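Spelled out from the first residue to the last, the chains are:
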Amino acid sequence: MFAKAFRVKSNTAIKGSDRRKLRADVTAAFPTLGADQVSELVPGKEELNVVKLYAHKGDAVTVYVSGGNPILFELEKNLYPTVYTLWSYPDLLPIFTTWPLVLEKLVGGADLMLPGLVVPPSGLPQVEKGDLCAIALVGNRAPVAIGVAVMSTAEMLTSGLKGRGFSVRHTYQDHLWKSGDKSSPPVLDSPDLSEEKDSVQVDPPLQDDMRGLQLKGEEENGEFPQLSREKSLSETSEDTGVKTLNQDSTGNRTIQEQMDELLEQCFLHALKSQVKKADLPLLTSTFLGSHMFSCCPEGQQLDIKKSSYKKLSKFLQHMQQEHIIQVKELSKGVESIVAVDWKHPRITSFVIPEPSLTSQTIQEGSREQPYHPPDIKSLYCVPANMTLLFQESGHKKGSFLESSEVRAIIINYAKKNDLVDADNKNLVKLDPILCDCILEKNEQHTVLKLPWEHLLTRCLEKLQPAYQVTFPGQEPIVKKGKICPIDITLAQRASNKKVTMVRNLEAYGLDPCLVATILQQRCQASTTVTPAPGAKDSLQVQIQGNQVHHLGRLLLDEYQLPRKYIQGLEKAPKPGKKK
């Protein structure tokens, strides 16, 4: 389920009533936990967050996060523990054992097949179909996966341990595990390994064919994980980026020290890879918003206020003291970078980080493929009262036509029925069908002829409006009515503060959560995503302050959306005026 990146919808602190309900749900779902253990798992006063997200296949999942680690997740009203929780409570679920080689397949999204099970001396745990189970590896009782049994233990034995055994929900090394501290499984005592190996009843060919074991789910995911056997569990959890902040080694450093390092990394990265001599002089605000933020590693957020510098100007002054850049105030109150020493040792020795695997995947936000605006066409739908006019051309009620097709059909109809005026070719005589379709009641006996242009215009006005949206690589989507433009509005809040709100992004293939994240970084302002009032299954983005100018640059310049599909751009603050 979490083999690929997921999209976060919201992340909020849990309410007191919801915390009590969660405790009750945990007690009901896992009766083996005592009251003290439930209180330890769901603490009474410590911070506990509720994260709502969408898995890569569209499943809506609620994740409960405590101490920076996901501890539980809820799917279709069923509660599941994460591997982090099972490492603290390894006896919470019945444990089935498999070979270490199989873990590679499970991490890639495969289900666990029965031939991969290791049968201990005491036999398989007794479970029923639909029971929640933990999966561990030979030699360590610490679970590495959570799954649901697709058959009972008796049915497993009856089948001769063949077929699919467990539908895997979550594994060590998947993206849910990566959202935590990425710690490795603890080493927990397991039954005597030699006795366990001697007791395994499998056919000899199975051992030889273990490398080629095919697990259900690989074909569905369309990928085969190629993890090296030589990598240890701790090695595979390391980040692949160069000179990025290592989350596993920052335990002894403050957040301020980490942010200082990230700030310098983004600064050097931007100078080495993006800024050219022709760009100078460069506004410091542009350097931050257009260059430094885009160099921030995936999964991290640059926040100058959390650094020791607190302000960009103070940081740039420090870099100027190191003779890396030169900053001047070219106009009153506006600073610009006027010179860069690209031969400075700190720039020449800086190694540009390689993009991480997660930054190359599409995620509830995603950058694997650049955004391409959809192709939008205006169409017309044939209503019931105009069916007779279009049926000769093979169209019926509900047919969708382009304006050029409508014109061709009307012209052919007039010529086929000899309706073109013999004395004036620019006029068309109206037969009973045309009269019923395009004339008003008070015109039925007074208007006998119409010019071509008036006839075609009236016909288009009588048809129902519709539109077709085609996203790259997808089938066209046709809907009745007019496409709603992206709506940008300003609203007044307490203390005369303004907020910018934008809605209808989904109609153009834009993810409101991703747009909110981009605007938060560029505007250095808080953003929220909430349900759009009066619209079903639609979200609106709210940004603090008047950010219409930033929105316009994002939608028009970067996303290349036509201006006619965006309303509210005129509300941007006028140059030279302070709001």
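Residues numbered from 1 in each chain as written. Predicted model: local features only at pLDDT ≥ 70, side-chain atom pairs only at ≥ 80, totals over all residues. Heavy atoms only, no water.

**Details of the overall build of the protein**
Just so we agree on the cut-off: Secondary structure elements are taken from DSSP: a helix is a run of H or I of four residues or more, a strand is a run of E of two residues or more, and numbering for both begins at the N terminus. For each residue, the accessible area found with a 1.4 Å probe, counting protein chains only, is set against the maximum for its type, and the residue is called buried under 20%, exposed over 50%, and partly exposed in between. Values of accessible area rely on a 1.4 Å probe in the Shrake-Rupley scheme; residue burial ignores everything except the protein chains shown.
Each helix and strand in the protein was counted, giving 20 helices and 25 strands. When the 579 residues of the protein are sorted by exposure, 45% land in the buried category. Here the protein has roughly 31400 Å² of accessible surface; of this, 50% comes from carbon and sulfur atoms.

**Considerations on the packing of aromatic side chains**
For clarity, the threshold we go by: Pairing of aromatic side chains requires ring centres within 6.5 Å, counting the rings of Phe and Tyr and the six-membered ring of Trp. Pairs whose planes differ by under 30 degrees are stacked, by over 60 edge-to-face, and all others tilted.
Under the defined criterion, the tally for this structure stands at 11 aromatic pairs. Seen in terms of ring centroids, F2 and F6 are 6.2 Å apart; in terms of plane orientation they differ by 85°. Their pairing is edge-to-face. Judged by relative accessible area, which is 1%, F2 ranks as buried. Between Y508 and Y565, the ring centres sit 6.0 Å apart and the planes meet at 50°, which makes this aromatic pair tilted. You can see Y508 sitting in the loop between β22 (497-503) and α19 (512-523) and its partner Y565 sitting in the loop between α20 (548-558) and β25 (566-567), a full 57 residues away along the chain.

**Considering the pairing of strand β14 (residues 334-340)**
Keep this limit in mind: Pairing between strands is defined by DSSP: at least two bridges between the two strands are required.
Relative to β14, strand β12 (residues 282-283) is paired through 2 bridges, and the arrangement is antiparallel. For L282, the partnering residue across the bridge sits in β14 and is I337. Counting the residues in the hairpin turn of strand β13 (residues 325-331) and β14 gives 2 residues, including G333, whose phi is positive at 80°.

**Structural notes on unusual backbone geometry**
The omega torsion across L280 and P281 is -5°, close enough to zero to call that bond cis. By secondary structure assignment, the location of P281 is in the loop between α11 (255-273) and β12. Phi at Q173 takes a positive value of approximately 80°, unusual for a residue other than glycine. Tracing the backbone through its elements, the reader meets Q173 in the loop between β11 (164-171) and α6 (175-178). The backbone phi angle of K310 is positive, close to 70°, even though this residue is not glycine. Residue classification places K310 among the partly exposed residues on the basis of a relative accessible area of 44%.

Keep in mind these values describe shape, not function.
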